[in-house]
Amino acid sequence: MTKSITITRPDDWHLHLRDGDMLRAVLPETARDFGRAIIMPNLVPPVVTSKDAAAYRDRIMAALPTVTSFKPLMTLYLTERTDPADVAAAFEDGLIHAVKYYPAGATTNSDSGVSNIKNVMQVLEKMSEIGLNLCIHGEVTNPEIDIFDREAVFIDTILDPLRSELPDLRITSEHITTKQGVDYVKSADQNLGASITTHHLIINRNHILAGGIKPHYYCLPVAKREEHRLALRAAATSGDARFFLGTDSAPHTDANKLLPCGCAGCFTATNTLSCLAHVFEEDGALDQLEKFASLNGPAHYRLAPNADTITLQKENSAVIYPKSIATADGDVTVFDPGFDLRWRVA
Ligand code: DOR
Ligand code: ZN
């Protein structure tokens, strides 16, 4: 028997598209089903100024399939030299929807990020004044802090003090991976939301490390213990308006994933909605999927939900996805959830 659900077309509130050949190869995977996506600015070199963002948006638009209503929502990469006036102008022009805070050295292409938050306070004050959202990669980079604790320590030492200093600043705590992250977001009554990835709802750290190392499950923030995955699942499937989908789909070629020092990132764009329908159904929460994937995100970003819908259909047999996407730079492996997917976008 085929079951189906129809929901408002989803958006992805955290997406890596890269540039050039990689952009052309991965963009259709998102544009097929999603209405909009917040586009990460961690290119090499990063998207720092409004001029960079306008040029990158044009390259994305040029790479889009002809029949699509997909809209990229651009961001700027926050550096210690970012000009508050340039940020404000880009926001007022409708060019950008967020500024991205990477702690320097936290992840892929984050070298130009923030070493000391004091050096970006003028930008953050301006953003607070104009209502522009700050997207935060919330991990400390201090090498003495255990990698599994970096998110929790960031909340205590950077995020909470920042919110006390600038209570009007609108913040997305991106790709949260811990119970502490969930609890902290729930403790906030305004101006704080969190995105959750597809893969962090499915894998815990055993999937990466037990029975042999699985580089394709390695991403940052790294997946944590099972109790954290369960906290993320409860938050995502609760319908709570503060939690929404940000896939952090992050393409790297297999050659770059399988190195002795491999790149961080899971590429989930191709099968994200099938994975999510599976997860929500498993938790008896299919009726909350629309809030998580299509409604809570736009509300946080003060945008209207998409006007059209998509239908997900449950098949009697497994839906077959490509195991990888071919790009001119090499193959990119598609996320393997470790179970059959039965739901597909009709
Ligand atoms: O796993 C990740 N990959 N985490 C990030 O924060 C960056 C991303 C990337 O750009 O590859
Ligand atoms: Zn990311």
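See the structure above.
The shown structure was predicted, so the numbers you read here are calculated from the model rather than taken from an experiment.

### Notes on the nonpolar core
Then, in step 1: Within the largest apolar cluster, 93 residues are counted, with the highest numbers of intra-cluster contacts made by Ile96, Leu124, Leu134, Leu162 and Leu289.
Then, in step 2: Apart from the residues within four sequence positions on either side, Ile96 is in contact with Ala53, Met74, Thr75, Leu76, Val87, Ala90, Phe91 and Leu132.
Then, in step 3: Membership of the second largest hydrophobic core comes to eleven residues, among which are Trp13, Val48, Leu73 and Cys135.

### Examining the site of ligand 1
Then, in step 1: Residues in contact with ligand 1 amount to 13 residues; listed here are only the nearest, Arg18, Asn42, Leu220, His252 and Ala264.
Then, in step 2: Between ligand 1 and the protein, one listed contact pairs an oxygen atom with a side-chain N or O atom of Asn42 at 2.8 Å.
Then, in step 3: A distance of 3.3 Å separates an oxygen atom of ligand 1 from a polar backbone atom of Gly265.
Then, in step 4: Coverage of ligand 1 by the protein amounts to 99% of the 290 Å² it exposes when considered alone.
Then, in step 5: Residue classes in the shell around ligand 1 are distributed as four nonpolar, seven polar and two charged.

### Focus on unusual backbone geometry
Then, in step 1: The residue after Val44, namely Pro45, is reached through a cis peptide bond having omega -5°.
Then, in step 2: If you trace the backbone, Pro45 turns up in the loop between β3 (36-39) and α2 (50-63).
Then, in step 3: Across the junction of Leu220 and Pro221, the peptide omega takes the value -10°, indicating a cis bond.
Then, in step 4: Position of Pro221 relative to the elements: it lies in the loop between α7 (205-209) and α8 (226-238).
Then, in step 5: Positioned with a positive phi, His175 is a non-glycine residue whose angle comes to about 35°.
Then, in step 6: A positive phi angle is found at Asp248, which is not glycine, with a value near 55°.
Then, in step 7: Its location among the elements puts Asp248 in the loop between β9 (243-245) and α9 (254-257).

Rules used throughout
Residues numbered from 1 in each chain as written. Chains lettered and ligands numbered in written order. Predicted model: local features only at pLDDT ≥ 70, side-chain atom pairs only at ≥ 80, totals over all residues. Heavy atoms only, no water. Core = buried A, V, L, I, M, F, W, Y, C linked by side-chain atoms within 4.5 Å. Buried < 20%, exposed > 50% of the residue type's maximum accessible area, 1.4 Å probe, protein only. Contact = heavy atoms within 4.5 Å. Near = heavy atom within 4 Å. Polar contact = N/O pair within 3.5 Å; in protein donor to acceptor, adjacent residues only side chain to side chain. Areas by Shrake-Rupley, 256 points an atom, 1.4 Å probe, with all protein chains shown as cover. Nonpolar A, V, L, I, M, F, W, Y, C, P; charged D, E, K, R; others polar. Helix = DSSP H or I, 4+ residues; strand = E, 2+ residues; numbered from the N terminus.

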